[in-house]
Amino acid sequence: MTLSSKIAVALGVLSLLLAVWALLLARSRRIHVRQGRAWSAEAQAADSRAQAAEGRARTEVQNRQAAESRAKELGIREAELLGEVRHLVSDRLPALALHLISSHHPVPGLLHKHLAGSEAARLLDALPEAVSRIVLKERRRIDAAARAALRGATQESQALSYRLQTNIVGLQHEFSAPPRLTQSLLESDHINEQNLRLTQRSAIVCGGWPGHVRKDTYVSEVVSGASSRLRGFDRINIVSRLGLSNIGVVGRAAEPVAVVCAELMANALEHSRDDLMVDVGLVQTGNGSVCITIDDAGKGMTAEALARGRSLISGEQQEVLLLELGDPPSMGFAAIGRLVADYGLHVSIDTSSPYGGVRAVVSVPENLLTSIDENVTPPSVMAPQPAVAPQAHKRPAAADAPAHSPAPSAAAELPQRRRRFSATATQDEAAAAAPRPLDPESTGAIWSDFQSGLTDGRSVTDSEQAL
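About the criteria used
- For every chain, the first residue of the written sequence is number 1, and numbering continues from 1 onward in sequence order.
- Where local features are concerned, this predicted model is filtered to residues with pLDDT of at least 70; where side-chain atom pairs are given and counted, the filter is 80 or more; whole-chain, interface and lining totals use all residues.
- Only hydrogens and water are set aside; all other atoms, that is, all heavy atoms of the structure, feed into the side-chain values.
- What counts as a helix is a DSSP run of H or I of at least four residues, what counts as a strand is a run of E of at least two, and both are numbered from the N terminus.
- In this scheme, a residue with accessible area under 20% of its type's maximum is buried, one over 50% is exposed, and one in between is partly exposed, where area comes from a 1.4 Å probe on protein chains only.
- Note that accessible areas follow from Shrake-Rupley with a 1.4 Å probe, and for residues the cover is restricted to the protein chains shown.
- Whenever Lys or Arg places a side-chain nitrogen within 4 Å of a carboxyl oxygen from Asp or Glu, that contact is recorded as a salt bridge.
- By this definition, two strands are paired if DSSP reports at least two bridges between them.
- Throughout, an axis means a line fitted to C-alpha atoms (over the contacting stretch in the case of helices), and angles, computed between N-to-C directions, take values from 0 to 180 degrees.
- In these notes the angle categories are as follows: under 35 degrees is roughly parallel, over 145 is roughly antiparallel, 65 to 115 is roughly perpendicular, and the rest is oblique.
- Handedness of a helix crossing follows the sense of rotation of the near helix relative to the far helix, less than a right angle counterclockwise being left-handed and clockwise being right-handed.
- Working rule for contacts: check all heavy atoms of both residues, and any pair within 4.5 Å makes them a contact.
- Residues are grouped as follows: Ala, Val, Leu, Ile, Met, Phe, Trp, Tyr, Cys and Pro are nonpolar; Asp, Glu, Lys and Arg are charged; all remaining types, including Gly, are polar.
- Residues enter a patch when their relative accessible area is above 30% and they make no salt bridge; the linking distance is 9 Å between like charges and 5 Å between nonpolar side chains (Val, Leu, Ile, Met, Phe, Trp, Tyr).
- Joining through side-chain atoms within 4.5 Å is the link that ties buried Ala, Val, Leu, Ile, Met, Phe, Trp, Tyr and Cys residues into a set, and such a set is a nonpolar core.
- What a helix is expected to span follows from its residue count: subtract one and scale by 1.5 Å.
- Each residue is assigned a bend, namely the angle between axes fitted to the seven residues that terminate at it and the seven residues that start at it.

Peer 1: Explain the overall build of the chain here, please?
Peer 2: Helix and strand counts for the chain stand at 9 helices and 8 strands. Considering the chain as a whole, with its 467 residues, one finds that 29% of them fall into the buried category. In the form shown here, the chain has an accessible surface area of approximately 31,200 Å², with 58% of it arising from carbon and sulfur atoms.

Peer 1: Just to check I follow, could you spell out the pattern of salt bridges for this structure?
Peer 2: Pairing between side chains becomes possible if they bear opposite charge and their charged atoms approach one another. This structure, assessed with the given rule, holds 12 salt bridges. One salt bridge in this structure joins glutamate 54 and arginine 58, with 3.2 Å as the shortest N-O distance. Here glutamate 54 and its partner arginine 58 are both found in helix H1 (residues 3-101), 4 residues apart, which amounts to about one turn of the helix. Its relative accessible area of 47% is what places glutamate 54 among the partly exposed residues. Relative accessible area serves as the criterion here: at 44%, arginine 58 is assigned to the partly exposed category. When the shortest N-O distance is used, the salt bridge between glutamate 138 and arginine 141 registers 2.4 Å. Residue glutamate 138 and its partner arginine 141 are located together in helix H2 (residues 119-172), separated by 3 residues, close to a single helical turn. You can call glutamate 138 partly exposed: its relative accessible area is 35%. Within this structure, Arg197, Arg201 and Glu263 form a network of salt bridges that share partners.

Peer 1: Looking at this structure, how should I read the sheet that holds strand S3 (residues 247-249)?
Peer 2: Hydrogen bonds between backbone atoms are what pair the strands of a sheet, whose relative direction is either parallel or antiparallel. As summarised here, the arrangement of the 3 strands in space is S1-S3-S8, forming an open sheet in which the pairing is antiparallel. Each having just a single partner strand, strand S1 (217-218) and strand S8 (369-371) make up the two edges of the open sheet. In terms of strand pairing, S3 meets S8 through 3 bridges, oriented antiparallel. In the strand pairing of S8, valine 249 is matched with leucine 369.

Peer 1: What's the story with the packing of helix H4 (residues 219-227) against helix H5 (residues 251-270) in this structure? I'm lost.
Peer 2: Angle between the axes and distance between the axes are the two parameters that describe a pair of packed helices. Interaxial distance between H4 and H5 falls to 8 Å at its minimum, and their mutual angle equals 45°. On the basis of their axis angle, the class for H4 and H5 is oblique. The two elements H4 and H5 meet at a crossing, and its hand is right-handed. Contacts from Val222, Val223, Ala226 and Ser227 of H4 reach H5 at Ala254, Val257, Ala258, Cys261, Ala262 and Met265. Among the residues forming the contact of H4 with H5, the class breakdown is 9 nonpolar, 1 polar and no charged.

Peer 1: Where do I start with a nonpolar patch on the surface in this structure?
Peer 2: Residues Leu3, Ile7, Val9, Leu11, Val13, Leu14, Leu17, Leu18, Trp21 and Leu25 make up a contiguous nonpolar surface patch of about 970 Å² in total accessible area. Its place among the elements puts isoleucine 7 in helix H1. Judged by relative accessible area, which is 43%, isoleucine 7 ranks as partly exposed.

Peer 1: Looking at this model, I keep getting lost on the nonpolar core. Mind explaining?
Peer 2: Burial of nonpolar side chains together is a common tendency in soluble globular proteins. Within the largest apolar cluster, 54 residues are counted, with the highest numbers of intra-cluster contacts made by Leu264, Val280 and Ile292. Looking at this core element by element, the count peaks at 13 residues for H5. Setting aside its immediate chain neighbours within four residues, isoleucine 292 contacts Val223, Val257, Cys261, Val280, Gly281, Leu282, Ala360, Val361, Val362 and Val364.

Peer 1: Explanation requested: H1 in the structure shown.
Peer 2: One turn of an α-helix holds 3.6 residues; hence residues three or four places apart share an orientation. Look at H1: 140 Å from first C-alpha to last across 99 residues, which is about the 147 Å you get at 1.5 Å a residue. Its maximal kink placed at leucine 88, H1 deviates by approximately 45°. Inspection of H1 places Gly55, Glu80, Gly83, Glu84, His87, Leu88, Arg92, Ala95, Leu96 and Leu100 among the buried residues, and these make up the whole buried set. Each element contacted by the buried residues of H1 is listed here: H2.

Peer 1: Got a minute to help me understand the side chain of arginine 92 in this structure?
Peer 2: Note that arginine 92 resides in helix H1. If sequence neighbours within four positions are ignored, arginine 92 has contacts with His87, Val107, Pro108, Gly109, Leu110, Leu124, Asp125 and Pro128.

Peer 1: Help me out: how do you make sense of the pairing of strand S5 (residues 290-295) in this one?
Peer 2: Side chains on a regular strand alternate between the two faces of the sheet. Among the 6 residues of S5, 6 are classified as buried, and the element is accordingly described as predominantly covered. Where burial is concerned, the two faces of S5 agree: the one with Val290, Ile292 and Ile294 and the one with Cys291, Thr293 and Asp295 are both buried. Where strand S4 (residues 278-284) folds back onto S5 in an antiparallel hairpin, the turn is made up of 5 residues, including glycine 288, whose phi is positive at roughly 95°. Bridge count between S5 and strand S7 (residues 359-364): 6 bridges; the pairing is antiparallel. Within S7, the position partnered with threonine 293 by the bridge is valine 361.

Peer 1: Mind showing me how you'd approach the pairing of S4 here?
Peer 2: Relative to S4, strand S2 (residues 236-241) runs parallel, the two sharing 6 bridges. Bridging from a neighbouring strand, valine 239 pairs with glycine 281 of S4.

Peer 1: I tried to follow the side chain of serine 353 on my own but got confused; where do I start?
Peer 2: Inspection of the secondary structure assignment puts serine 353 in the loop between strand S6 (346-350) and S7. Judged by its relative accessible area of 8%, serine 353 falls in the buried class. With sequence-adjacent residues up to four places away left out, serine 353 is seen in contact with Asp295, Asp296, Val358 and Arg359.

Peer 1: Would you take a moment to explain the sheet that holds S2 for this structure?
Peer 2: The strand order across the open sheet formed by 5 strands is S2-S4-S5-S7-S6, and the pairing between neighbours is mixed. Only two strands of the sheet have a single neighbouring strand rather than two, namely S2 and S6. Taking the axes of each pair of neighbouring strands and ignoring which way they run, one obtains an average angle of 15° across the sheet. As defined by bridge partners, S4 adjoins S5 across 6 bridges and the pair is classed as antiparallel.

Structure, rendered in structure tokens:
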């Protein structure tokens, strides 16, 4: 084999080896590329997994923070709701109970104002309203039952008091009774009158009728009879300024007017000292009604008490609960209000008394007034008579007047003052002013009759006391 062939073979072998090596290199490169790509993909996947893990961690942190925030918010809401419930139980509901008794006690609202408008706030506000409705309904039911029970008891007590009064009056007409027994009967009658007034007032407040039927009665007798029902009646000064003495109250309204006057006079006596008088005046107005004014010199009424009293006596309140009248219940103004609503009277109270106390005015309308024949039914001697207006005293004319006056001279033609009346008293006036002559015989006869009557009365009294 020649050298060239050997060289060609060697070159062929070398080329083959180079080709194989190139192929191997290409294959290795492809393998490395594939591995690089795989490694890159794995790196990218690892990065993605790392990022996803980081995102999950971040999300978990955010979720944990949100959960903590929600838990904190829920804790605050729970604390606020617990505070509102506690405020409702400890403050709002007790204040509501006081408000139902008197409107001067306010009911507080929500403790946290920012809760207004929420569902929880609506529920918290609805609870006092529901409790108020339930309490008022139950209170009216209980009050109606108490009224019925008290009305039944007062009706029986009234009937017994009227029977007792009839018996006492019958015993008072026993002229042969000892003076001490007569005095005891009078005192018992007065005590029974006071008890009857209290029972009558309670019956009226509970829906009963006054319990006494009268015939047409003089206004002055109605007022004086009302004063006789009171303890301390001797402190009441009644002055009649009626134009006519025959003015009366119709029978159906006589007792209601007496009850109204008695309650107002009792209030005046109660709120003034025992040494102060209560002035009662009877006045006939221009519109035909009769006004009864009651003035006391007491300490007056507070603005709150005055407003409460005006509300009660106005008769506008359809229902006055016994629970609203205090403990013990003050039923005077409530009874007046019911009678005002039933009979059309008008009663007013204010602090314009001329003595610094309270003035009460009872107006009896014309439709409740009547005229009474004084010849058929004469007025009681104890009733105040209408005051007579003072009349000017007319002095008699002069007995001896000059027939003619001297003619004045031309220089003295000025008006002259002359005496309108004589300076000397007339014979009639002198006779009236002169003392009457004493008659010893008639005076002695009068005293003898008085002594004999007194002796006979004492002997009868001593014999009855001995029995």
